[in-house]
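# Coordinates in review
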Amino acid sequence: MRQKFFLIGISALLITAIIYFFFQKGLLLMLLLILLLVVGFANTMQHKHAILRNFPVLGYFRYLFEMIAPEIQQYFIERSTDGKPFSRNERSLVYQRAKNIDSTTPFGTQLNLNDSNYEGIKHSIFPAIVNDELPRFTIGGPDCTQPYSASLLNISAMSFGSLSENAIVALNKGANQGKFYHNTGEGGLTEFHQQGGDICWQIGTGYFGCRDDRGGFDGGRFTEKANLPEVKMIEIKLSQGAKPGHGGVLPAAKNTMQIAKIRGVLPHTTILSPPSHSAFQDIKGLIDFIATLRELSNGKPIGFKLCIGETREFEMICQEMITQNCYPDFITVDGAEGGTGAAPLEFADGVGMPLEPGLIFVNKTLVRFGIRDKIRIISSGKIISGYSILRAVALGADLCNSARGFMFSLGCIQALRCNNNECPTGVATQNKMLMKGLVVTDKAERVFHFHKNTLHSANELLAAAGKKSFSEVDINIFMRGDEFTHLSDLYFPDNLKSVTKH
């Protein structure tokens, strides 16, 4: 291809030069051809990119198409029902509810309902009255002296750094308006989180916000922030669904001077939180740490977040709770399908237990150990609609957290650029120019409306199932497509095929 490029290019240049010599036309074209030949020559001399070396100039189109591949996939290739991680229909649902406009759909479902993977709710022919009051649940076990009344749906952990300051401010203002809590993520509690909304302060392995000079836990700094009136709960992050066992990642491009100062790290470097905590090294230490944080926070709800991996370890945690007679007030269960700003592909695709079996296991294990009544379970992982909330509750959760749902309410378009600081909507970037596109006052309203309308949808589904309270929800209100095979066998048995008419 190199030979063809230079053969065609030089030939075209000679022809253009002759035309210009005789007719005084084509100067710009001649200059352009000279430029392309120079660039092409430089391409053939460099050693880093084989495509450019073999396909001078033309090779740049490969990088152009690669750059816009997510947009091509979203807008021209994928159907409304098969986008990943969330389909176009799911994203549209959030946008409509966030804008507080009609979120109904015409003409019928686009899903294949006669499929073994289908899931649905068994409605009642005598639906209950839809409750207009949005559900709340008290979090606080036997040792908690400052219990908190939490909404059924709340903002999951997303750090300042991963998200822009405008996004964090909008989320917290929306949480304040809707009276639900906002999880800080492991990046620490910042001024942008303190806009009037309730806070669940997450303590990760980097201890950002309560970190000493050596990167360890500082009890004094923790006490100062934990006793702020807006901090309602404290969550110890053991693992995150999208990268369990790895620790948090903040790419260098997003680690500005401001964020580095808040976190106590060097700016413009990739921040890798340790995989495990230094404040404790074993299960006994975890339970001791829960007791310590409860004491330092003067009795506020303390819990931990994890993605289930080795199930025996969680059983040992339960046993240690009983041994020490010390229980977390809540456990947040994340699924391997959970979201993240940045994660190694191997961890995102191949580590951890998905949310469904994780929730079932945690709930049944707490019941088996006789301690379920002492601990609230919070579901985190692809909670985006009233249906997903009801499903999580049926699997064992008391309440839910959503991250990407609230990101969509801010205007996220699933551009898949969270990890390179180029988020086009200003949600997951530290680029000041892009950030300006996110207008806080408008997006805070959308956060509020998404929360309100999604919970109203959950109330409607609850009523359709004939239930009056979320405490009545269990897995029996759901049906799966593989049940239809059994029904087919009952009413359309195989032997009917051999029956002949008489």
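Computed from a predicted model, the values in this text were never measured in an experiment.

This paragraph deals with the overall build of the protein chain. Regarding its fold elements, the protein chain presents 18 helices and 14 strands. Along the longest, intermediate and shortest principal axes, the C-alpha atoms of the protein chain span 95 × 90 × 45 Å. Buried residues in the protein chain amount to 47% of all 502 residues. Contacts spanning at least 24 positions in sequence make up 69% of the contacts within the protein chain whose residues lie at least 6 apart. Of the charged side chains in the protein chain, 50 are positive and 46 negative, and the gap between their average positions amounts to 7 Å.

By the element assignment, isoleucine 34 lies in helix H2 (residues 27-45). Given a relative accessible area of 37%, isoleucine 34 falls into the partly exposed group. Distance in space between the C-alpha atoms of isoleucine 34 and isoleucine 10 is 8.7 Å, their sequence separation being 24 residues.

Let's shift gears to the side chain of threonine 205. Position of threonine 205 among the secondary structure elements: in the loop between strand E6 (198-203) and helix H8 (219-226). Within the structure, threonine 205 has its side chain in polar contact with the backbone oxygen of proline 274 (distance 2.6 Å). Discounting residues that sit within four places of it in the chain, threonine 205 has contacts with Glu186, Lys237, Ser273, Pro274, Pro275, Ser276 and His277.

What follows deals with the packing of helix H11 (residues 311-324) against helix H13 (residues 355-368). Helix-helix packing is characterised by the crossing angle of the two axes and by the distance between the axes. One way to put it is that H11 packs onto H13 with a least axis distance of 10 Å and a crossing angle of 35 degrees. Note that H11 runs across H13; the crossing there is right-handed. Counting all contacts with H11, which are made through Thr311, Phe314, Glu315 and Cys318, the residues of H13 involved are Phe361, Val362, Thr365, Leu366 and Arg368. Taken together, the residues that form the contact of H11 with H13 break down as 5 nonpolar, 2 polar and 2 charged.

Turning to the UniProt feature "transmembrane region" (unreviewed entry) in the protein chain, a few remarks are in order. Following the UniProt record, the feature "transmembrane region" (unreviewed entry) maps to residues 5-23 and 29-45 here. Counting secondary structure, residues 5-23 comes out at 100% helix and 0% strand; the distance between its end C-alpha atoms is 26 Å.

Residue placement: valine 169 occurs in helix H7 (residues 165-178). On the basis of relative accessible area, valine 169 is assigned to the buried category, the value being 11%. A C-alpha to C-alpha distance of 6.9 Å links valine 169 and valine 440, two positions 271 residues apart in sequence. Beyond its immediate sequence surroundings of up to four residues, valine 169 is in contact with Phe192, Gln195 and Val440.

Quick notes on the rules
Residues numbered from 1 in each chain as written. Predicted model: local features only at pLDDT ≥ 70, side-chain atom pairs only at ≥ 80, totals over all residues. Heavy atoms only, no water. Helix = DSSP H or I, 4+ residues; strand = E, 2+ residues; numbered from the N terminus. Buried < 20%, exposed > 50% of the residue type's maximum accessible area, 1.4 Å probe, protein only. Contact = heavy atoms within 4.5 Å. Lys, Arg positive; Asp, Glu negative; His and termini not counted. Charge placed at Lys NZ, Arg CZ, Asp CG, Glu CD. Polar contact = N/O pair within 3.5 Å; in protein donor to acceptor, adjacent residues only side chain to side chain. Axes fitted to C-alpha atoms, helices over the stretch in contact; angles between N-to-C directions. Left-handed = near helix turned anticlockwise from the far one by under 90°. Nonpolar A, V, L, I, M, F, W, Y, C, P; charged D, E, K, R; others polar. UniProt positions renumbered as here; feature names shortened; annotations may be inferred.

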